[in-house]
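Below, each chain spelled out in residue letters.
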There are 2 protein chains.
Amino acid sequence: MSEVRDKAALAKRTTSRMGSLSTAAKNAALRSIADALIARSGEIVDANAEDLARGRDSGMSTSLLDRLALTPQRIEAMALGVREVEALPDPVGEALADIERPNGLRIRQVRVPLGLIGIIYEARPNVTVDAASLCLKTGNAVLLRGGSSALSSNAKIVEVIQDALAATDVPPEAVQLVNDPSRGSVDELLKLNGLLDCVIPRGGASLIRTVVQNATVPVIETGAGVCHTYVDASAEPAMALDIALNAKVQRPSVCNSMETLLMHRDFAAVHLETFAEAFRERNVELRGSDDARARVAWMKPAGDEDYATEYNDYILNVKVVDDLDAALEHIDRFGTRHSECIVTNDEANARRFLQEVDAAAVYHNASTRFTDGFEFGFGAEIGISTQKLHARGPMGLPALTSSKYIVVGDGQIRQ
Amino acid sequence: MSEVRDKAALAKRTTSRMGSLSTAAKNAALRSIADALIARSGEIVDANAEDLARGRDSGMSTSLLDRLALTPQRIEAMALGVREVEALPDPVGEALADIERPNGLRIRQVRVPLGLIGIIYEARPNVTVDAASLCLKTGNAVLLRGGSSALSSNAKIVEVIQDALAATDVPPEAVQLVNDPSRGSVDELLKLNGLLDCVIPRGGASLIRTVVQNATVPVIETGAGVCHTYVDASAEPAMALDIALNAKVQRPSVCNSMETLLMHRDFAAVHLETFAEAFRERNVELRGSDDARARVAWMKPAGDEDYATEYNDYILNVKVVDDLDAALEHIDRFGTRHSECIVTNDEANARRFLQEVDAAAVYHNASTRFTDGFEFGFGAEIGISTQKLHARGPMGLPALTSSKYIVVGDGQIRQ
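Residues numbered from 1 in each chain as written. Chains lettered and ligands numbered in written order. Predicted model: local features only at pLDDT ≥ 70, side-chain atom pairs only at ≥ 80, totals over all residues. Heavy atoms only, no water.

S.K.: Would you mind showing me how to read the overall build of chain A here?
M.R.: The secondary structure content of chain A amounts to 16 helices and 16 strands. The C-alpha atoms of chain A give a radius of gyration of 24 Å, which matches the 22 Å a tight globule of 415 residues would have. In terms of its C-alpha atoms, chain A occupies a principal-axis envelope of roughly 70 × 70 × 35 Å. Taking as baseline every contact in chain A between residues at least 6 positions apart, the subset at least 24 positions apart corresponds to 71%. Within the structure as shown, chain A displays about 15500 Å² of accessible surface, and the carbon and sulfur contribution to it stands at 47%. Averaging the locations of the 44 positively and 57 negatively charged side chains of chain A gives two centres separated by 5 Å. (Helix = DSSP H or I, 4+ residues; strand = E, 2+ residues; numbered from the N terminus. Rg over C-alpha atoms; globule rule 2.2 N^0.38 Å. Contact = heavy atoms within 4.5 Å. Areas by Shrake-Rupley, 256 points an atom, 1.4 Å probe, with all protein chains shown as cover. Lys, Arg positive; Asp, Glu negative; His and termini not counted. Charge placed at Lys NZ, Arg CZ, Asp CG, Glu CD.)

Following this line, the structure appears as structure tokens:
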């Protein structure tokens, strides 16, 4: 028995009990976790110091070290996150349908937990707490497989969570962490059909690709975002600039930020230089199409590879297009079905864009940066789904549930 | 360019137009298909005769030849099925949420088609019409890959459908059939990420396993049903016998029929012989656990392999269990999460069974044969999902849709 299968089996054995827990019991467990994180903050910082030392020794970049680092303040923020999950409504048990059939059968469809959820993620150890609390709140067991660089932090955090659960009605075995840092443990996890009800990758494009290509268990694909803002001929220039700047620089490292700015040629003729200067002032490197570079010569040239890249950085492609059709075509070709925006005062063009663009979220006159569980009013999210099955867009608690038909009769048989 | 990728690309190009069709336009197209099937019934029968001849030459069994055969009556039933789909409500465009945020953003979540759906199925050519009409009604394009034994029938049916669509607003290219009968075409279809939004297998356990093991596109797993009926100590004997017989013999070939009868030992002590005789009279071969064979010696012995088999035939396992816990354990081990039933007069046991059994449909005092789109009141179904993501149980039209967030602002940017 391997570690992965062993821990999955341990967690799986709790799913029946997890599914029948009351909301109060789950909330008490979440409070216990939040308290324990604060109380044992020092231990967590110490464990994290081991990861940081290893990271420094192996030449990890400053920005990665920063993502990895835990301070008492960051641990407090993690605990606060758990309390926010506690405050969210519990979707489990919600009646989705209640049907009385002519033959007297009563059919109720109710929300139930998914069962055992696998989460594969990268360096940031706060995901450990986020994912565990969202899964527990929805009555799911969870098998966590974090990045190897955060192994000591994750192990300590899961120890703290399991210890905190020991005094509650939630079985501690419901939260399991895979310690094996090899690629083999991921491969094995992705094929645990019969044990894992689904797997959710949280991380960069390469992690997501690995999961999609190799999983035989159901996957919820999250995150990759090559998002566009299309500035139409009739756009209000000041609004368009505000939205474009916000979509790029307010937080470039996240999936809902803009990677390519599309601009109608008539608008570009008047405003492209102003836009380019505004981005340059904010240290954004611009890569332009030929038409764009004809107006702003200092842009680097952009090619198909650039248009297909999620930079997550201070880099932006700028492409001048002939019309809305050309913008739609570009988005269809290079977009990742995440978040797409049109800035326009032309209602017909806005309608067409919102209707025809195939993405989780489509925007008219607002920044793509709003695609987010909190901004949509759902609270904490487990990720942003870019696939169309099960859940699409920011995934709140209901995305971590399934349903079940409960049929009650008095001897009905089928004719 | 291979046939599979070529046809997928052709169909994919229609998805934007498909998604914006009115319900009236889609219904008109379905009527046109139904009319054409009747009008060209003779051509379809002729094409089917080619498949039947090939089948006979290759030694196909009588029951498989019967599944493959099309008669004017069967084609009429197919056309009637299309009209039934026409009569169903159109889920596309339905508002699932309408949120006004404090910053003035208006966020609407609306149902949209999935896009391009792949359907992989086996011998029965009526699936071609079923699948195409359900996909068209929900604004989806469809890539069909039927069994090689029905190649001529399927090709003719798709020709009739495409011709019928030519005179309507629905682009004929939205319905595509893969003619390549090799296993390679299935493998290729299963990896069409970026073109196929999901794939649905319709067929036996081996087809479903192939799809689950090899697909990199999202899958909706359907159908495999190792279903149980548990007769509790307090069950009403006449009701229990009616339900058990119905679950086994009313139509043994389908996924919601019973494969194993579990019986509480106290009930078995009094009634097992009567039950066994009733099944024997209906030509059901019985395979029993040791405890069951101690009471009915003529049963063959049943082992783990039997318990794990979906017979779809006049064969039934019979197992005597000590209590509800043992029944739950058996179902957890051998069930395929499809449909499970308890017959009991003990409300506490019923509650526990309905709560703890992890299956798409759980029954108290009614036959598992009711797990069906029509019986649940949903109308035609594309299949019965046995996975927990996206859809679970009978999949009506909403299971063929996704959703999209449409966000309208007046210049909002994220702080």
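S.K.: Would you mind showing me how to read the interface of chain A and chain B here?
M.R.: How large an interface is tends to be reported as the accessible area lost when its parts come together. In this complex, chain A contributes 70 residues to the contact, which on the side of chain B involves 70 residues. In this assembly, chain A and chain B are joined by 41 residue pairs in polar contact (both at pLDDT 80 or more). Residue assignment for the side of chain A that touches chain B shows that the elements contributing at least two residues are helix H2 (15-19), strand E2 (106-113), helix H10 (205-214), helix H11 (237-249), helix H16 (347-356), strand E13 (361-366), strand E15 (393-394) and strand E16 (401-412) of chain A. No other element matches the 11 residues that E16(A) contributes to the side of chain A that touches chain B. For the side of chain A that touches chain B, the per-class residue count stands at 33 nonpolar, 25 polar and 12 charged. Where E16(A) and strand E13 (residues 361-366) of chain B come together, 5 bridges link them in parallel fashion. Residue pairing for E13(B): A:Val407 is matched across the bridge by B:Tyr363. (Polar contact = N/O pair within 3.5 Å; in protein donor to acceptor, adjacent residues only side chain to side chain. Nonpolar A, V, L, I, M, F, W, Y, C, P; charged D, E, K, R; others polar. Pairing = 2+ DSSP bridges.)

S.K.: What should I look at first to understand the pattern of salt bridges in this one?
M.R.: Scanning the entire structure with this criterion turns up 62 salt bridges over all chains. A salt bridge links A:Asp90 to A:Lys26, with the nearest nitrogen and oxygen atoms 2.8 Å apart. With A:Asp90 in the loop between helix H6 (72-87) and strand E1 (95-100) and A:Lys26 in helix H3 (residues 23-39), this pair connects stretches of sequence that are 64 residues apart. Take A:Asp90: its relative accessible area is 18%, and that puts it in the buried class. One salt bridge in this structure joins A:Glu277 and A:Arg280, with 3.1 Å as the shortest N-O distance. With A:Glu277 and A:Arg280 both in helix H12 (residues 265-281), this residue pair falls 3 residues apart, about one helical turn. We classify A:Arg280 as partly exposed; its relative accessible area is 40%. Connected through shared salt-bridge partners, A:Lys12, A:Asp197, B:Asp332, B:Arg337, B:Asp358, B:Lys388 and B:Arg392 make up one network. (Salt bridge = Lys/Arg side-chain N within 4 Å of Asp/Glu carboxyl O. Buried < 20%, exposed > 50% of the residue type's maximum accessible area, 1.4 Å probe, protein only.)

S.K.: I would appreciate a short explanation of the relation of the copies chain A and chain B in the present structure.
M.R.: A rotation about some axis, followed by a shift along it, carries one copy of the chain onto the other. Between chain A and chain B, which share one sequence, the superposing operator has a rotation angle of 180° and an axial displacement of 0.0 Å; the RMSD is 0.0 Å. Such a turn and shift between the copies fits a two-fold axis. Considering only C-alpha atoms, the residue of chain A closest to the rotation axis is A:His390, which sits at 1.8 Å. By residue overlap, the copies meet face to face through one surface: 100% of the interface positions of chain A are interface positions in chain B. (Least-squares fit on C-alpha atoms with pLDDT ≥ 70 in both.)

S.K.: Which parts of the structure should I look at to understand the sheet that holds strand E3 (residues 116-121) of chain A?
M.R.: Note: strands within a sheet are paired through backbone hydrogen bonds, in either parallel or antiparallel orientation. Residue and element names in this part refer to chain A. An order of E5-E4-E3-E6 is seen for the 4 strands of this open sheet, with the pairing classed as parallel. What marks the edges here is a single partner per strand, and that holds for strand E5 (175-177) and strand E6 (198-202). Averaged over all adjacent pairs, the angle separating strand axes in this sheet is 20°, with direction ignored. Bridge count between E3 and E6: 5 bridges; the pairing is parallel. (Axes fitted to C-alpha atoms, helices over the stretch in contact; angles between N-to-C directions.)

S.K.: When you look at the side chain of A:His330 in this model, what are you seeing that I'm missing?
M.R.: Considering the arrangement of structural elements, one finds A:His330 in helix H15 (residues 324-334). A:His330 sits in the buried class, given a relative accessible area of 3%.

S.K.: Would you mind going over the domain arrangement of chain A with me for this structure?
M.R.: Residue and element names in this part refer to chain A. Domains assigned within chain A are domain 1 (3-221 + 382-408) and domain 2 (227-370). Placing a centre on the C-alpha atoms of domain 1 and another on those of domain 2 gives a separation of 35 Å. Of the residues lining the interface, 6 residues belong to domain 1; the matching set on domain 2 comes to 7 residues. Interface area for domain 1 against domain 2, summed over the two sides, is near 550 Å², with a carbon-plus-sulfur share of 53%. (Domains from an automatic or database assignment. Buried area = accessible area lost by both parts, 1.4 Å probe.)

S.K.: Is there a simple way to think about the packing of helix H3 (residues 23-39) of chain B against helix H8 (residues 151-166) of chain B in this case?
M.R.: Geometry of a packed helix pair, given as the angle between the helix axes and the separation of the axes. Residues and elements named next belong to chain B. At a closest axis distance of 8 Å, the pairing of H3 and H8 adopts a crossing angle of 130°. If you check the angle between H3 and H8, you find them oblique. Crossing of H3 over H8 shows right-handed handedness. Side by side, H3 and H8 meet where Ala-29, Ser-32, Ile-33, Ala-36 and Leu-37 of the first sit next to Ile-157, Val-160, Ile-161, Ala-164 and Leu-165 of the second. Counted by class, the contact of H3 with H8 contains 9 nonpolar, 1 polar and no charged residues. (Parallel < 35°, antiparallel > 145°, perpendicular 65-115°, else oblique. Left-handed = near helix turned anticlockwise from the far one by under 90°.)

S.K.: I keep staring at the sheet that holds strand E8 (residues 258-264) of chain A and nothing clicks. Help me out?
M.R.: Taken in spatial order, the 10 strands of this open sheet run E10(A)-E9(A)-E11(A)-E8(A)-E7(A)-E12(A)-E13(A)-E16(B)-E2(B)-E1(B), and their pairing is mixed. The open sheet is flanked by strand E10 (300-301) of chain A together with strand E1 (95-100) of chain B, the only strands paired with a single partner. Where E8(A) meets strand E11 (residues 315-321) of chain A, 5 bridges bridge the pair, whose relative direction is parallel. Opposite A:Leu262, over in E11(A), you have A:Lys319 as the bridge partner.

S.K.: So what exactly am I meant to see when it comes to the packing of aromatic side chains here?
M.R.: Note on aromatic pairs: each is described by the distance of the centres and the angle between the planes. This structure, assessed with the given rule, holds 10 aromatic pairs over all chains. Relative to B:Tyr405, the ring of A:Phe378 lies with its centre 6.0 Å away and its plane at 45°, an arrangement referred to as tilted. One end of the pair, A:Phe378, is in the loop between E13 and strand E14 (384-385); the other, B:Tyr405, is in strand E16 (residues 401-412), on a second chain. Ring centres of A:Tyr405 and B:Phe376 lie 5.0 Å apart, and the angle between their planes is 65°; this geometry places the pair in the edge-to-face category. Placement of A:Tyr405 in strand E16 and of B:Phe376 in the loop between E13 and strand E14 (384-385) is noted, with the two residues assigned to different chains. With relative accessibility at 1%, the residue B:Phe376 sits in the buried group. Directly above the aromatic system of A:Tyr307 lies the positively charged group of A:Lys319, at a separation of 5.3 Å from the ring centroid. (Phe/Tyr/Trp six-rings, centres within 6.5 Å; stacked < 30°, edge-to-face > 60°. Lys NZ or Arg CZ within 6 Å of the ring centre and 35° of its normal.)

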